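One letter stands for each residue in the lines below.
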Amino acid sequence: MTCEHLFTISFRACKNNGLLIPNVSVMFLVRIRNIGIMAHIDAGKTTTTERMLYFSGYTRAFGDVDDGDTVTDYMAQERERGITIQSAAVTFDWKDHRINLIDTPGHVDFTLEVERALRVLDGAVAVFDASAGVEAQTMTVWRQAEKHKIPCVCFLNKMDKPAASLRYSLDSIKTKLKANPILLQIPIGSGKSFTGLVDLITRQKMTWQGSSLTYDGHAFETSALQPSDDPDVLQAVSEARATLIEQVADLDDDFAELLLGQYSESFDAVPAGKLQEALRKVTLARKGVPVLCGSSLKNKGVQPLLDAITAYLPAPNERNHDLVRWYKDDLCALAFKVVHDKQRGPLVFVRIYSGSMKAQSAVYNINRNGTERMSRLLLPFADQHIEIPSLSAGNIVLTVGLKQTVTGDTIVSSKASAAAAVRRAQQEAESKSSSQRESSSLVLAGVEVPEPVFFCSIEPPTLAKQADLEHALNCLQREDPSLKVRIDPDSGQTILCGMGELHIEIIHDRIKREYNIETHLGPLQVAYRETILQSATATDTLDRTLGEKRHVVTVELAVHALMESSTSCDVTFEEEVKTQLPAVVRQAVENGVQSAYLQGPVLGFPVEGVKTVIQHVSLEPGTSAAMVSACVSRCMLKALKLAGGQVLEPVMALEVTVGEEYLSPVLADLAQRRGTICDIQSRQENKVLLATVPLAEMMGYSTVLRTLTSGNATFSLELSSYEPMNTQEQNILLNKMAGLA
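Please read these numbers as outputs of a predicted model, since none were measured by experiment.

Draft legend 1. Fine view of the packing of aromatic side chains. Tallied over the entire structure, the rule returns 6 aromatic pairs. With centroids separated by 5.9 Å and ring planes inclined at 55 degrees, the aromatic side chains of Phe336 and Phe349 adopt a geometry described as tilted. Residue Phe336 is found in strand 14 (residues 332-341), and its partner Phe349 is found in strand 15 (residues 345-354); the two are separated by 13 residues along the sequence. Across the pair, Phe349 and Phe336 agree in class, each one buried. Aromatic side chains Tyr528 and Phe605 sit 5.5 Å apart centroid to centroid with 65 degrees between the ring planes, which places their arrangement in the edge-to-face category. On the criterion of sequence distance, the pair formed by Tyr528 in the loop between strand 28 (525-526) and strand 29 (529-532) and Phe605 in the loop between helix 14 (583-597) and strand 33 (610-619) is long-range, its members being 77 residues apart. With respect to burial, Tyr528 and Phe605 carry one shared label: buried. Members of the aromatic cluster, connected to one another through ring pairs, are Phe455, Tyr528 and Phe605.

Shown next, in the form of structure tokens:
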């Protein structure tokens, strides 16, 4: 056991709403769990989090999403809509373990919130609606967890629903997530008669009794299974436990050897401790995922879930972070989220990977190449925080005073500490001849920000408010990297670019409430892309006299269409040109090409799938780099026009869950929206419609779907790809953009 320390928690009463704020004492690193709750929208993430806080003693009363009084959904927009918009961090104790938990959004517009939370977490709990199994956004968040190699535990929530199905949920995890579910519990009863669980590892029966209106779930009976119990339950437990032992033995060779050696006569005689130990190894190696079940709203099954988090998910020292070892005991941390506080200014969420952080100390930001001073350290508790003097590795902390730090920045104790880490990395690379590692800069991997798909103009009520609006947008961009703000070069308007209708609506609402600016939004528009149809060559000469200086440059280049699947744009030089041009001129040429890629030849949208080859560049002495870039951009525009422009539109993957009686009108509506039906699946009593539809056709779809199905359908959208528009649709779009339609 490591002797690194952390702060653990005992609770003291707080005046606010019966909330309990922790006192701080010392304990071991192996008892920390940094976990996230992730799921499709409405699977019960926030309710599960609220029950965890209640059963751990952090809150004195249940928070309810419908009543708008949950701890983690503290924004006004979240409480009004009953959804999670921003990930929220809380810290609490459970049986001598400290759990740092982040509740993440389930809506596709806020996928970045999930991405940056998972980047700094060690484990995750995937929550499923047991009546629906794996849904669209479940697959998205699961892919994100896979990308960051995060061990997971699955929780089948809503087992009290009439349509809840354990078998269907397990099958969907296998087929859709390509995961290996390992069932640890089986439910007693189903639907409204769901009263408890049987733990397959210990063969203990847990029953929750009492009225759902008054019963708080704190007290539940635990007893060993008896031969006098329901024969069907005994038979199901026997079969499920045999399957569990077989699954774990298949995935862990040491456990298989133990079974064949000491317990060959009866595999069922293997002790619970040995089985649990093997299951932990399997989970940490991401060979299988433990599956538990319950009903968070009815307060059933949450305590065993907390036990599973501490038993199967990793401590910070069990996660392998290659880069961190070069810092040894020096500070190495990653800033993963920024929020703005009216009193304290920007608050930066930081995950500490090595060393420790102290209040009133200076830190060095590698990405910004600057030193900043932290005035205070806070432990995060949703929107309430407690000040602490210091915090060590493995923890998540909130810092006050970091003015320049943004999401994805690496923070170390000093510039000298970073240089020492680089030296250690280089020495290790030299000692291992096979190592090809680039170790010139030791920066923790940041967060990948998806490209926005919607945009609209935003205007202040008066010119006097323009500066306030710019300040608000700067703050919001720092908080939310998926929000992009740009100035339209033709109209001079401020353009908001976001991930969807809801995303832009929330930003608009926050500007009004938090910054007291009544802004006007223009109509939502789709972020198209452009490409070219064929290759073309162009030559251009720029001859300008500025003051007493004459600038002359001639450029010849060719543009080629890349493969259809390519979304990048490249620039290369012919070998002869590359050797002749100085580095400064080459850089100016590349800058000119890249700026031309930002505005396509058809509608001025960014260009993708194009390769540019620079064939000839000649310039007279004294010609500035800016003139070279300008000439290249002009030549590029000429070549792109000659190559024939093609508009690419964003096509969305659509999933609609609808009753069979409403399927026909939904299909007919999608046909009018240029939709392509990919598959129609059955999910219990409902049909699940999978389709691809152009984003331009999906404006206001939620209202139309509600009307068609009398409110009995749900849908989710996710960007699938950019596809070429057909000639007719492209002409309609051109006329519309020109104001002729």
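Draft legend 2. A look at the pairing of strand 24 (residues 454-459). In terms of burial, strand 24 is largely enclosed, as 5 of its 6 residues are buried. Of the strand pairs in this sheet, strand 24 and strand 26 (residues 494-498) are connected by 5 bridges, and their pairing is antiparallel. Counterpart to Phe455 in the pairing with strand 26 is Cys497. Bridge analysis of strand 24 against strand 28 gives 2 bridges, and the strand direction is antiparallel. Bridge assignment links Phe455 to a residue of strand 28, and that residue is Gln525. As paired elements, strand 24 and strand 27 (residues 520-521) share 2 bridges and run antiparallel to each other. Paired with Ile458 across the strands is Leu521, a residue of strand 27.

Draft legend 3. Focus on the side chain of Asp669. By the element assignment, Asp669 lies in helix 16 (residues 663-672). Among the polar contacts made by the side chain of Asp669, one reaches the side chain of Arg673 at a distance of 2.8 Å. Each residue touching Asp669, except ones within four places of it in the same chain, is listed here: Tyr701, Val704 and Leu708.

Draft legend 4. Main features of the sheet that holds strand 32 (residues 569-573). Taken together, 4 strands build an open sheet; the order of strands is 30-31-33-32 and the sheet is mixed. Because the sheet does not close on itself, it has two edges, and the strands there are strand 30 (536-546) and strand 32. Recorded for the sheet is a direction-independent mean angle of 25 degrees between the axes of neighbouring strands. Where strand 32 and strand 33 come together, 5 bridges link them in parallel fashion. Bridging from a neighbouring strand, Cys569 pairs with Val610 of strand 33.

Draft legend 5. Spatial organisation of the sheet that holds strand 11 (residues 204-207). Spatially, 9-10-11-12 is the arrangement adopted by the 4 strands of the open sheet, whose pairing is antiparallel. Of all strands in the sheet, those with a lone pairing partner are strand 9 (185-188) and strand 12 (221-224), marking the two edges. Taking the axes of each pair of neighbouring strands and ignoring which way they run, one obtains an average angle of 25 degrees across the sheet. Bridge count between strand 11 and strand 12: 4 bridges; the pairing is antiparallel. Paired with Thr207 across the two strands is Glu221, which belongs to strand 12. Sheet strands in contact with helix 6 (residues 231-251) are strand 9 and strand 10 (196-199), and its direction is about 165 degrees off that of strand 9.

Draft legend 6. Quick look at helix 17 (residues 701-709). The complete set of buried residues in helix 17 reads Tyr701, Leu705 and Thr709. Axial view of helix 17: buried residues confined to an arc of 50 degrees, hence all on one face. Trailing helix 17 by a residue or two, Ser710 shows a phi angle of about 55 degrees, which is positive.

Draft legend 7. Quick peek at helix 12 (residues 501-515). The end-to-end C-alpha separation of helix 12 is 21 Å, in line with the 21 Å expected for 15 residues at 1.5 Å each. Of the residues making up helix 12, those classed as buried are Leu502, His503, Ile504, Ile506, Ile507, Asp509, Arg510, Ile511 and Tyr515. Those residues of helix 12 that are buried are in contact with helix 2 (76-81), strand 14, strand 24, helix 11 (466-479), strand 26 and strand 27. Just past helix 12, the residue Asn516 takes up positive phi, approximately 55 degrees.

Draft legend 8. Structural detail: the packing of helix 1 (residues 45-55) against helix 9 (residues 302-312). Contact geometry for helix 1 and helix 9: axes closest at 10 Å, N-to-C directions at 85 degrees. On the basis of their axis angle, the class for helix 1 and helix 9 is roughly perpendicular. Residues Thr48, Arg51, Met52 and Phe55 of helix 1 pack against Val302, Gln303, Leu305, Leu306 and Ile309 of helix 9. A breakdown of the residues in the contact of helix 1 with helix 9 according to their chemical character gives 6 nonpolar, 2 polar and 1 charged.

Draft legend 9. Inspection of unusual backbone geometry at higher detail. One non-glycine residue, Arg203, lies in the positive phi region at around 60 degrees. Residues other than glycine seldom take positive phi values, yet Asn299 does so here, at roughly 65 degrees. Tracing the chain through its elements places Asn299 in the loop between strand 13 (289-293) and helix 9.

Draft legend 10. How the structure looks around the nonpolar core. Counting residues in each nonpolar core, the largest one holds 130 residues, and the members touching the most others are Trp142, Phe255 and Met357. With 8 residues, helix 6 is the single largest residue contributor to this core. Excluding residues within four positions of it along the chain, Met357 makes contact with Leu331, Ala333, Val350, Ile352, Met374, Leu377, Pro389, Ser390, Leu391, Val397, Thr399 and Ile411. Counting residues in hydrophobic clusters, the runner-up holds 45 residues, among them Phe605, Leu663, Leu670 and Val693.

Draft legend 11. Spatial organisation of the environment of Asn157. Within the secondary structure layout, Asn157 lies in strand 7 (residues 152-157). Judged by relative accessible area, which is 3%, Asn157 ranks as buried. Through-space distance from the C-alpha of Asn157 to that of Leu740 is 53 Å; in sequence the pair is 583 residues apart. Every residue in contact with Asn157, bar those within four places of it in the chain, is listed here: Ala43, Gly44, Thr48, Val127, Phe128, Asp129, Ala130, Gly294, Ser295 and Ser296. In this structure the side chain of Asn157 is engaged in a polar contact, spanning 2.9 Å, whose partner is the backbone nitrogen of Ser296.

Draft legend 12. The arrangement of the pattern of salt bridges in detail. Under the defined criterion, the tally for this structure stands at 33 salt bridges. A salt bridge links Arg351 to Asp122, with the nearest nitrogen and oxygen atoms 3.2 Å apart. With Arg351 in strand 15 and Asp122 in the loop between helix 3 (111-120) and strand 6 (123-129), the pair connects residues that are 229 residues apart, well separated along the chain. On the basis of relative accessibility, which here comes to 1%, the residue Arg351 falls in the buried class. Asp122 sits in the buried class, given a relative accessible area of 0%. Across the pair Glu514 and Arg510 runs a salt bridge whose closest N-O atoms are separated by 2.8 Å. Here Glu514 pairs with Arg510, and both are found in helix 12, just 4 residues apart, close to one helical turn.

Draft legend 13. The packing of helix 7 (residues 253-262) against helix 8 (residues 272-284), seen in detail. Closest axis-to-axis distance for the helix 7/helix 8 pair is 9 Å, and the angle between their directions is 155 degrees. The angle between helix 7 and helix 8 falls in the class roughly antiparallel. Of the two elements, helix 7 crosses helix 8, and the hand of that crossing is left-handed. On helix 8, the residues touching Asp254, Phe255 and Leu258 of helix 7 are Lys274, Leu275, Ala278 and Lys281. Of the residues in the contact of helix 7 with helix 8, the class split is 4 nonpolar, no polar and 3 charged.

Conventions we followed
- Residues numbered from 1 in each chain as written.
- Predicted model: local features only at pLDDT ≥ 70, side-chain atom pairs only at ≥ 80, totals over all residues.
- Heavy atoms only, no water.
- Phe/Tyr/Trp six-rings, centres within 6.5 Å; stacked < 30°, edge-to-face > 60°.
- Helix = DSSP H or I, 4+ residues; strand = E, 2+ residues; numbered from the N terminus.
- Buried < 20%, exposed > 50% of the residue type's maximum accessible area, 1.4 Å probe, protein only.
- Pairing = 2+ DSSP bridges.
- Polar contact = N/O pair within 3.5 Å; in protein donor to acceptor, adjacent residues only side chain to side chain.
- Contact = heavy atoms within 4.5 Å.
- Axes fitted to C-alpha atoms, helices over the stretch in contact; angles between N-to-C directions.
- Arc of directions from axis to C-beta.
- Expected span 1.5 Å × (residues − 1).
- Parallel < 35°, antiparallel > 145°, perpendicular 65-115°, else oblique.
- Nonpolar A, V, L, I, M, F, W, Y, C, P; charged D, E, K, R; others polar.
- Core = buried A, V, L, I, M, F, W, Y, C linked by side-chain atoms within 4.5 Å.
- Salt bridge = Lys/Arg side-chain N within 4 Å of Asp/Glu carboxyl O.
- Left-handed = near helix turned anticlockwise from the far one by under 90°.

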